[in-house]
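Descriptive analysis of the structure
Listed here are the chains, written in short residue letters.
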Amino acid sequence: MASTNPKTYESTPARKVAFLGLGVMGFPMAGHLALAGHRVTVYNRSAAKRDAWCKEFSGTAAATPREAVAGCELVFCCVGNDDDLRAVVLGEQGAFSGMKKGTVFIDHTTASANVARELSAEAARHGLQFVDAPVSGGQAGAQNGMLTVMCGGEQAAFDAARPVAMAFSRACTLLGASGAGQLAKMVNQISIAGLVQGLSEAIAFGTKAGLDMEQVLEVIGKGAAQSWQMDNRGKTMIADKFEFGFAVDWMRKDLGLCLDEAKRNGARLPVTALVDQFYADIQAMGGNRWDTSSLIKRIR
């Protein structure tokens, strides 16, 4: 089965680009770049993933980040966390060591605002440009090329990256200086955490009350209670199915970033902190790879 679904791409000149990280998000994102007509070189720690991508999209594989970025105009990246990001960017075989001056590095990793600022400053020392650009939309959004991209960085770097990034996006917006993209992604995750817990409680309550919850969600989904989570996860939560989208392990990582940032800026996140502990309960139940809607499992 193809890793991407068909879409219509905006007309933009073909670019020589690299993509670092071919996980559940990066694999289809890089695929859309290739399908949009760009010349893509990929790097991934697992050679099997690199080879599988190249077989599907007829791209080029590289053994190191430095090799992957050679001669590229834009470099995209989507890895796991701050440490993974530093590993592919810094050092003798890191991306920054192989990029030509003026090249833009676009990081789609959900990471800390601090590492975004750190790597932006390091990029400047190399004569490079850096955009922190975490995404929302999950695996389905990546496969459909319909991600929402939240960016931080300089206007010129964003303007260079946006037309190409639209191959896998439906919206790509500059929200401020370096770190602003990561901070916006934290706002996104804080919002989701509270919504999923509320929806979990609502479905559990309605079920115990003897209601036909599919019918109830159909009705209230036309009113003020409607949300993306209700539309896309309500029925699967009722059916006790949790193999869709973003895994609990990754959500806990993201909420940890939110809580750490809140300590620095003085924001109060009582509900987020509570839901983070609820996700810890899900992990203890063995649900590390269940999707985030599995919160309902602990109150059924």
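Residues numbered from 1 in each chain as written. Predicted model: local features only at pLDDT ≥ 70, side-chain atom pairs only at ≥ 80, totals over all residues. Heavy atoms only, no water.

Things to note about the overall build of the protein chain
Of the regular secondary structure elements, the protein chain holds 13 helices and nine strands. The C-alpha atoms of the protein chain give a radius of gyration of 20 Å, which matches the 19 Å a tight globule of 300 residues would have. When the 300 residues of the protein chain are sorted by exposure, 48% land in the buried category. The long-range share in the protein chain, meaning contacts at least 24 apart out of those at least 6 apart in sequence, stands at 67%. For the protein chain, the computed accessible surface area is about 13,600 Å², with 53% contributed by carbon and sulfur atoms. Computing the positive centroid from 31 side-chain charges and the negative centroid from 29, the protein chain places the two 2 Å apart. (Helix = DSSP H or I, 4+ residues; strand = E, 2+ residues; numbered from the N terminus. Rg over C-alpha atoms; globule rule 2.2 N^0.38 Å. Buried < 20%, exposed > 50% of the residue type's maximum accessible area, 1.4 Å probe, protein only. Contact = heavy atoms within 4.5 Å. Areas by Shrake-Rupley, 256 points an atom, 1.4 Å probe, with all protein chains shown as cover. Lys, Arg positive; Asp, Glu negative; His and termini not counted. Charge placed at Lys NZ, Arg CZ, Asp CG, Glu CD.)

A look at the packing of helix α1 (residues 26–35) against helix α2 (residues 47–57)
At their nearest, the axes of α1 and α2 sit 10 Å apart, and the two run at 30 degrees to each other. The angle between α1 and α2 places the two elements in the roughly parallel class. α1 and α2 meet at a crossing whose hand is right-handed. Contact with α1, carried on its side by Phe 27, Ala 30, Gly 31, Ala 34 and Leu 35, involves Lys 49, Ala 52, Trp 53, Glu 56 and Phe 57 of α2 and no other residues of that element. Here the residues of the contact of α1 with α2 are counted per class, giving seven nonpolar, one polar and two charged. (Axes fitted to C-alpha atoms, helices over the stretch in contact; angles between N-to-C directions. Parallel < 35°, antiparallel > 145°, perpendicular 65-115°, else oblique. Left-handed = near helix turned anticlockwise from the far one by under 90°. Nonpolar A, V, L, I, M, F, W, Y, C, P; charged D, E, K, R; others polar.)

Let's talk about the side chain of Ser 3
Mapping Ser 3 onto the fold places it in the segment before β1 (16–20). Looking at Ser 3, the relative accessible area reads 13%, which means it is buried. Residues in contact with Ser 3, not counting those within four places in the same chain, are Phe 27, Pro 28, Glu 56, Phe 57 and Gln 143.

Remarks on the nonpolar core
Across soluble globular proteins, nonpolar side chains show a tendency to be buried alongside one another. Grouped together as the largest cluster of nonpolar side chains are 35 residues, with contacts concentrated most on Phe 19, Met 29, Leu 33, Val 40, Val 42, Trp 53 and Phe 76. Within the residue set of this core, elements represented by two or more residues are β1, α1, β2 (39–43), α2, β4 (74–77), β5 (104–107), β8 (147–151) and α8 (155–165). When near neighbours in sequence (up to four residues on either side) are disregarded, Val 40 contacts Val 17, Phe 19, Ala 30, Leu 33, Ala 34, Trp 53, Gly 59 and Thr 60. Of all hydrophobic cores here, the second largest spans 23 residues; its members include Cys 72, Leu 85, Ala 123 and Phe 130. (Core = buried A, V, L, I, M, F, W, Y, C linked by side-chain atoms within 4.5 Å.)

Structural notes on the environment of Phe 246
Within the element layout of this structure, Phe 246 appears in the loop between α11 (228–238) and α12 (248–265). Placed 47 residues apart in sequence, Phe 246 and Ser 293 show a C-alpha to C-alpha distance of 9.0 Å.

Overview of the sheet that holds β2
Strands sit in the order β3-β2-β1-β4-β5-β6 across an open sheet of six strands; the sheet is parallel. Since the sheet does not close on itself, it has two edges, and those belong to β3 (60–61) and β6 (129–132), each with one partner. Relative to β4, β1 runs parallel, the two being bridged by four bridges. Its bridge partner being in β4, Ala 18 is matched across the sheet by Val 75. (Pairing = 2+ DSSP bridges.)

Quick look at unusual backbone geometry
Glycine aside, a negative phi is what most residues show, and trans is what most peptide bonds show. Notably, Ser 58 is not glycine yet its phi reads approximately 55 degrees, a positive angle. Its place among the elements puts Ser 58 in the loop between α2 and β3. Among the residues examined, Ser 58 registers a relative accessible area of 66% and is labelled exposed. Within the chain, Asp 240 stands out as a residue other than glycine whose phi angle is a positive 60 degrees. Following the sequence through the fold, Asp 240 ends up in the loop between α11 and α12.

Remarks on the packing of aromatic side chains
All chains considered together, the criterion is met by seven aromatic pairs. Their ring planes at 35 degrees and their centres at 5.1 Å tell us that Trp 53 and Phe 57 sit as a pair that is tilted. Taken together, the residues Trp 53 and Phe 57, both in helix α2 and four residues apart, mark about one turn of the helix. For the residue pair Trp 53 and Phe 57, the accessibility class agrees, reading buried in each case. Taken together, a centroid distance of 6.2 Å and an interplanar angle of 40 degrees make the contact between Phe 242 and Trp 290 tilted. Within this pair, whereas Phe 242 is found in the loop between α11 and α12, its partner Trp 290 is found in the segment after α13 (270–284), the two being separated by 48 residues in sequence. On the basis of relative accessible area, Trp 290 is assigned to the partly exposed category, the value being 24%. Ring pairing ties together the aromatic residues Phe 19, Phe 76 and Phe 168, which thus form one cluster. (Phe/Tyr/Trp six-rings, centres within 6.5 Å; stacked < 30°, edge-to-face > 60°.)

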